Each structure stands twice: as structure tokens, then as C-alpha cells.
Amino acid sequence: MRLLSFEKNGSPTLGVRLGSEVVDLSVAAPQLPRDLLSLIKAGPEAFDAARKAADTATERLPLEGLTLCVPIADPPKILCVGRNYAAHAKEGGAEPPTYPDIFMRSRLSLVAHDAPIIRPALSGNLDYECELLVVIGRHASKLSETEALGVIAGYSIFNDATLRDYQRRTTQWTIGKNFDGTGPFGPEMVTPDELPDGCVGLQIQTRLNGEVMQSATTADMIFPVATTISLLSQTMTLEPGDLIATGTPEGVGYARKPPVWMKDGDIVEIEVEGIGALRNPVRNET
């Protein structure tokens, strides 16, 4: 199932995408929650009801023309894995880690599909990072790797756009990763039954103005999805709606000669095989 959030009468509402059409769950199943986080918290029965409602709905909306919203606007946690592809670590002058580099993002950094990434006035060193995103489906702690995949509600796409000069102002990466409006997420969440276990072996790519900048496979992750979830769950309780961005492959802008920075008017696309493509324009801060 492919779940998305779209604008209806000025507010987000929940839908199921079926090809080029969307079933409005507020119409097809008005008893269900109107947002994805609440649906996840409601559990598997709510997902089953949403699927049945979508399959039997006679009223559908064309996807084209809908304004999509961030799938989960207020996640409990946004956890990010740094240097999770060996070639990316190497291009940045670092050895591949033996334990994942973890940092966090703010919800105010999130941006919906087709909404602009904001290039701040403070810096022009705005870089792209294609990432597979994991959405947690239930409370979980102290998971083994064999248990880890069972707590996933779905997968999506993330662009961990980064202000590199601010990232390097301290030994902590947080400030360069949390400018408002720099973290595209979407366009939808895809449930695990539509994808390989752990999303292993999927092609992942960044295109900037149509030019391929990053191209790899999720099989190249140092810490695969199951390992990452297990390690995180050893140290903190994972909650429904937590987001985990799983790292980016080589090809980022700062490692190129000369460096490539995203600028006003650019279009950046992140595509993950089987999940879709996340597209955003870049706009200068006003």
C-alpha cells in the first residue's frame, strides 16, 4: 500500500495512491485517522481497513494537481545515519565507521514533495544527499537483527540536504543539518510488503537538473536497515512514526572538483527503486 498526505480544504488529509489516482480515506473510510502518524499508532487493523477501503472505493482523485504534504509532519524522532556507504566515507576523507554515526534532525527542517528547498542567506554551500528512509511502526526496544524488520511501518525517500560550511563549524553535524526547509521527505510511504526485505539491493540515485550525481545500490550500506534498527533500539526506545534516514552514497557535491552546490532555480530529484521519486526546486531565502 502507498500512503500519502495531501492538502484538502487547507488541511492535510490521508490518501492511498492507486497508480495515477488517489483514494481520499476521509471519504472512503471516515472512521479512520486523517493523518499517517495516527494511522500507524492505530495499528495493523487500521492499515487493513485502509487497504480494504481503497480497494473498494468508487470515488478517486487524479494524483496530478494534488498538493502533497510531508507524509508525517510531526515525527517523534528523526534519526540519521552518517557515512553509511564506504565510498561516501572515503570521498570525505574518512575511514568507514565500525559503529554508525548518528545525528538528529528537527521536524521544522522537513519539506514536502515539490515544495522548495530553502537556500539560506547565511550560506551558499547547499549540498544534496539521497537516502532511503525507514518509518517505525510500533514501540520497540532491545531488538535483535532478526526482529528489527518486524517493527517497520514502511519506507520512503529523504534528501538530507546539508549546509556543508555549517556542518564543519563544529565536531557535531547538527547545525548544518537543521536549517529550516532543507529536508525533503516523501512523496509517500510504501508498506514493506511491496518491497524486498530491508529494501536490500534497491537502486538509489540523485539527479540535479537532470544530471545523475549519485547512483548506487542499498546493498552497499555498511549498516543495513535491520542492523541500524537493532543498534538504535539498544540505546533508545523506538516509537511509532520515528523516521530513520539511512545514509547517502558517494557523489555528493562537496567532494567534486570544483564543488557543486545547489542554487536558486535548480531541480533536485531523489529516486529509490520501487518507492518512487522525490522532486524539489531550490529557492533562495527571502
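Peer 1: Is there a simple way to think about the overall build of the protein chain in this case?
Peer 2: The secondary structure content of the protein chain amounts to seven helices and 19 strands. Expected size for 286 residues packed as a compact globule is a radius of gyration near 19 Å; at 18 Å, the protein chain falls within 12% of this value. When the backbone C-alpha atoms are referred to their principal axes, the protein chain occupies close to 55 × 45 × 30 Å. Taking all 286 residues of the protein chain together, the buried fraction comes to 53%. Across the protein chain, contacts joining residues at least 24 apart in sequence account for 75% of those joining residues at least 6 apart.

Peer 1: Is there a simple way to think about the environment of Pro192 in this case?
Peer 2: You can see Pro192 is positioned in the loop between β14 (183-190) and β15 (203-208). For the pair Pro192 and Gly150, spaced 42 residues apart in sequence, the C-alpha to C-alpha distance is 9.4 Å. In this view, Pro192 contacts Ile152, Ala153, Gly154 and Tyr155; residues no more than four positions away in its chain are not counted.

Peer 1: Whenever I open this one, the packing of aromatic side chains confuses me. Can you help?
Peer 2: Two descriptors summarise a pair of aromatic rings, namely the distance from one centre to the other and the angle between the planes of the rings. A complete count under the given rule lists two aromatic pairs for this structure. Between Phe103 and Trp173, the aromatic rings sit 5.6 Å apart at their centres with planes inclined by 65°, giving edge-to-face as the arrangement. Taken together, the positions of Phe103 in strand β7 (residues 101-104) and Trp173 in the loop between α6 (164-167) and β14 put the pair 70 residues apart, joining distant regions of the chain. With a relative accessible area of 6%, Phe103 lands in the buried category. For Trp173, a relative accessible area of 19% translates into the label buried.

Peer 1: Explain the side chain of Thr191 here, please?
Peer 2: Summarising the element assignment, Thr191 is placed in the loop between β14 and β15. With a relative accessible area of 3%, Thr191 lands in the buried category. A distance of 2.7 Å separates a polar side-chain atom of Thr191 from the backbone nitrogen of Met1. Reaching out from Thr191, the side chain makes a polar contact with the side chain of Asp193 at a distance of 2.7 Å. Setting aside chain neighbours within four positions, we find Thr191 in contact with Met1, Phe47, Arg51, Ala153 and Gly154.

Peer 1: Would you explain the pairing of strand β12 (residues 152-159) in this entry?
Peer 2: Each regular strand carries side chains that alternate between the two faces of the sheet. β12 sits mainly inside the fold: eight of its eight residues count as buried. As judged from the seven bridges shared by strand β11 (residues 130-136) and β12, these two strands associate in the antiparallel manner. Paired with Ile136 across the strands is Ile152, a residue of β12. Sheet topology places β12 next to β14; three bridges connect them, and they run antiparallel. Residue pairing across strands places Tyr155 opposite Val190, the latter belonging to β14.

Peer 1: How should I be thinking about the sheet that holds β15 in this particular structure?
Peer 2: Taken in spatial order, the five strands make up an open sheet running β9-β19-β18-β15-β16, and their pairing is mixed. A single partner strand is all that each edge strand has here, and the edge strands are β9 (117-119) and β16 (211-217). Neighbouring strand axes in the sheet, compared pairwise and without regard to direction, differ in orientation by 20° on average. The sheet contact formed by β9 and strand β19 (residues 276-284) spans three bridges and is parallel.

Peer 1: Please clarify how the nonpolar core should be interpreted in this entry.
Peer 2: In globular proteins that are soluble, nonpolar side chains generally tend to be buried together. Counting residues in each nonpolar core, the largest one holds 43 residues, and the members touching the most others are Leu132, Val134, Tyr155, Ile229, Ile244, Met262 and Ile275. Counting only elements with at least two residues in this core, the list comes to β6 (78-82), β11, β12, β15, β16, α7 (225-235), β18 (267-272) and β19. Residue contacts for Met262: discarding those within four places in its chain leaves Ile117, Arg119, Gly124, Leu126, Asp127, Tyr128, Ala161, Leu208, Val268 and Val282. Listed in part, the 34 residues of the second largest apolar core include Leu25, Leu37, Phe47 and Ala50.

Peer 1: What is the right way to look at the state of the cysteines in this model?
Peer 2: In a disulfide, the sulfur atoms of two cysteines are held together by a covalent bond. Evaluated as defined, the whole model comprises zero disulfides. Sulfur of Cys199: no disulfide; nearest cysteine sulfur belongs to Cys130 and is 14 Å away. Note on Cys199: relative accessible area 1%, which makes it buried.

Peer 1: What exactly am I supposed to notice about the environment of Gly183 here?
Peer 2: Here Gly183 lies in strand β14. On a C-alpha basis, the gap between Gly183 and Pro75 in space is 13 Å, while along the polypeptide they are 108 residues apart. Excluding residues that lie within four positions of it along the chain, Gly183 makes contacts with Arg105, Ser109, Leu110, Val111, Phe158 and Asn159.

Definitions and cut-offs
- Residues numbered from 1 in each chain as written.
- Predicted model: local features only at pLDDT ≥ 70, side-chain atom pairs only at ≥ 80, totals over all residues.
- Heavy atoms only, no water.
- Helix = DSSP H or I, 4+ residues; strand = E, 2+ residues; numbered from the N terminus.
- Rg over C-alpha atoms; globule rule 2.2 N^0.38 Å.
- Buried < 20%, exposed > 50% of the residue type's maximum accessible area, 1.4 Å probe, protein only.
- Contact = heavy atoms within 4.5 Å.
- Phe/Tyr/Trp six-rings, centres within 6.5 Å; stacked < 30°, edge-to-face > 60°.
- Polar contact = N/O pair within 3.5 Å; in protein donor to acceptor, adjacent residues only side chain to side chain.
- Pairing = 2+ DSSP bridges.
- Axes fitted to C-alpha atoms, helices over the stretch in contact; angles between N-to-C directions.
- Core = buried A, V, L, I, M, F, W, Y, C linked by side-chain atoms within 4.5 Å.
- Disulfide = S-S within 2.5 Å.

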